[in-house]
Amino acid sequence: MPSRPEFQAPPEFFYNDQEARKYTTSSRIIEIQAKLTERALELLALPDDGVPRLLLDIGCGSGLSGESLSESGNQWIGLDISQSMLNIALEREVDGDLLLADMGQGLGLRPGVFDGAISISAVQWLCNADKSSNEPRLRLKAFFVSLYRCLARGARAVLQLYHENEAQLELITTSAMRAGFAGGLVVDFPHSTRAKKTFLVLTCGPPSISTALPKAKVEDGESCSDESSDEENQTVSVSDRHRSRKKQKINKKGKGRDWVLKKKEQMRKKGHTVPPDTKYTARKRKARF
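Residues numbered from 1 in each chain as written. Predicted model: local features only at pLDDT ≥ 70, side-chain atom pairs only at ≥ 80, totals over all residues. Heavy atoms only, no water.

> Help me understand the overall build of the protein, please; the structure alone is not making it clear to me.
From N to C terminus, the protein includes eight helices and nine strands. Looking at the 289 residues of the protein, the share that counts as buried comes to 42%. Counted over contacts in the protein with a minimum sequence separation of 6, partners at least 24 positions apart contribute 65%. Element-wise, carbon and sulfur atoms account for 50% of the exposed surface of the protein, whose accessible area totals about 17,500 Å². (Helix = DSSP H or I, 4+ residues; strand = E, 2+ residues; numbered from the N terminus. Buried < 20%, exposed > 50% of the residue type's maximum accessible area, 1.4 Å probe, protein only. Contact = heavy atoms within 4.5 Å. Areas by Shrake-Rupley, 256 points an atom, 1.4 Å probe, with all protein chains shown as cover.)

> How do you make sense of a positive patch on the surface when you look at a structure like this?
On the surface, Lys255, Lys262, Lys263 and Lys270 cluster together to form a positively charged patch. Among the structural elements, lysine 270 can be located in the segment after helix H8 (257–269). When its relative accessible area of 62% is taken as the criterion, lysine 270 is described as exposed. (Patch = residues over 30% accessible without salt bridge, like charges linked within 9 Å, V, L, I, M, F, W, Y side chains within 5 Å. Salt bridge = Lys/Arg side-chain N within 4 Å of Asp/Glu carboxyl O. Lys, Arg positive; Asp, Glu negative; His and termini not counted. Charge placed at Lys NZ, Arg CZ, Asp CG, Glu CD.)

> How do you make sense of the pairing of strand E1 (residues 54–58) when you look at a structure like this?
Each regular strand displays side chains that alternate between the two surfaces of the sheet. The element E1 is extensively covered by neighbouring structure, given that four of its five residues are classed as buried. By the bridge criterion, five bridges tie E1 to strand E2 (residues 75–80) in an arrangement that is parallel. Looking at the pairing, leucine 54 lines up with glutamine 75 of E2. In this region the chain leaves E1, passes through helix H4 (residues 64–71) and returns to the parallel neighbour E2; the handedness of that crossover is right-handed. (Pairing = 2+ DSSP bridges. Right-handed = clockwise from strand over helix to strand, strands pointing away.)

> I would appreciate a short explanation of H8 in the present structure.
Think of an α-helix as 3.6 residues a turn; residues three or four steps apart then line up on the same face. With 13 residues, H8 should reach 18 Å at 1.5 Å per residue; the first-to-last C-alpha distance of 19 Å fits that figure. Once H8 finishes, glycine 271 follows within two positions and takes phi at roughly 95°, a positive value. (Expected span 1.5 Å × (residues − 1).)

> I tried to follow the state of the cysteines on my own but got confused; where do I start?
In a disulfide, the sulfur atoms of two cysteines are held together by a covalent bond. Under the definition given, this model contains zero disulfides. Free of any disulfide, cysteine 204 has its nearest neighbouring cysteine sulfur in cysteine 150, separated by 8.3 Å. (Disulfide = S-S within 2.5 Å.)

> Please explain the confidence of the model for the protein as it appears in this structure.
The predicted coordinates of low-pLDDT regions are not to be read in fine detail. In the predicted model, the protein carries a mean pLDDT of 82, and 81% of its residues have values of at least 70. In the model of the protein, strand E9 (residues 223–224) stands out as the element of lowest mean pLDDT, 54, in contrast to E1, which has the highest, 95. The low-confidence segment residues 225–233, where pLDDT is below 50, has 23 contacts with residues more than four positions distant or belonging to other chains. Ignoring residues within four places in sequence, the model shows residues 236–245, a span with pLDDT below 50, making nine contacts including any to other chains. (pLDDT = per-residue confidence, 0-100.)

> Would you mind going over the side chain of threonine 198 with me for this structure?
Secondary-structure assignment places threonine 198 in strand E7 (residues 197–203). Setting aside anything within four residues of it in sequence, one finds threonine 198 in contact with Leu159, Gln160, Leu161, His163, Leu169, Leu185, Val186 and Val187.

> How should I be thinking about the packing of helix H3 (residues 27–44) against H4 in this particular structure?
Helix-helix packing is characterised by the crossing angle of the two axes and by the distance between the axes. Where H3 contacts H4, the axes come no closer than 8 Å and their chain directions differ by 45°. Comparing the axis directions of H3 and H4 gives the class oblique. Relative to H4, H3 is oriented so that their crossing is right-handed. Touching Ile29, Ile30, Gln33, Ala34, Thr37 and Leu41 of H3 are Leu64, Ser65, Ser68 and Leu69, all from H4. (Axes fitted to C-alpha atoms, helices over the stretch in contact; angles between N-to-C directions. Parallel < 35°, antiparallel > 145°, perpendicular 65-115°, else oblique. Left-handed = near helix turned anticlockwise from the far one by under 90°.)

> Explain the environment of asparagine 74 to me, please; I cannot follow it from the model alone.
By the secondary structure assignment, asparagine 74 is in the loop between H4 and E2. Note on asparagine 74: relative accessible area 12%, which makes it buried. On a C-alpha basis, the gap between asparagine 74 and proline 52 in space is 4.6 Å, while along the polypeptide they are 22 residues apart. Residues in contact with asparagine 74, not counting those within four places in the same chain, are Leu46, Val51, Pro52, Arg53, Leu55 and Leu69.

> I keep staring at the environment of arginine 110 and nothing clicks. Help me out?
For arginine 110, the position within the fold is in the loop between strand E3 (97–100) and strand E4 (114–120). Arginine 110 gets classed as exposed once you look at its relative accessible area, which sits at 66%. In the structure, arginine 110 is positioned 36 residues away from serine 146 in sequence and 9.5 Å away in space, judged by C-alpha atoms.

> So what exactly am I meant to see when it comes to the pattern of salt bridges here?
Close approach of charged atoms allows side chains with opposite charge to pair. Inspection of every chain in the model, using the stated rule, returns 10 salt bridges. Arginine 92 is the partner of glutamate 67 in a salt bridge, and the nearest nitrogen-oxygen pair spans 2.2 Å. Taken together, the residues span a long stretch of sequence, with glutamate 67 in helix H4 and arginine 92 in the loop between helix H5 (83–91) and E3 at a distance of 25 residues. For glutamate 67, a relative accessible area of 35% corresponds to the partly exposed category. Between arginine 268 and glutamate 265 there is a salt bridge whose closest N-O contact spans 3.4 Å. In this pair, arginine 268 and glutamate 265 both sit in helix H8, three residues apart, roughly one turn of the helix.

Here it is in structure tokens:
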């Protein structure tokens, strides 16, 4: 049983020319991508008024998900970290605009321009520390904060993902809520091993009646309300979205005369102009001053 792609190499290296073409020409993957994108569009719940919306496709790859977005009558911009995937998308002449970008570095897009966002099988890559410079918590924070910024208020983001375990899923969900999103998880076919699909449905803004989560699907194709995550429609207060600054360690004894003289000597060796040493050096002033 082959290991999952995200365990083998960073996406920009794993999806080389050969792997990208293999991915795009697989009839099984094409079918899965189409179904997942159609479901993501359902969960986006865009207004049915005939007006095309501008959507963001995160981890667009070779444009398989973008085809479904175009068929729905919407305009889209896709971004991906793999140049090989984007090259194939250009060969296929997809309708959307394409950007080469690492979502873990933040989305460099204008604030409030997108009416919705989707991501198919991409967000879990942010949890891999496949480089010494990649810290999952920081990458997730950069991604969700920038995603929140570029969405119009009240817009939704639907992120389908394949999480490794519950701890990873909690890390992703918590990062989204800390960025200010409301929403939670919708799990389709939760009792099926093969058909189970997890969607993180987020709304840009605080929770309200309009941000209630859609119902999940069960095996008979009907919807049910008890299969959504217990975390639905939750967010965190603005004051809790950012970590408090670490308090500086304060030495109660203070920095003595020896330390000050040593620092002054170091500064002199570096060529800086330093006041001469006197009997007042490092002496604490009295309260009346």
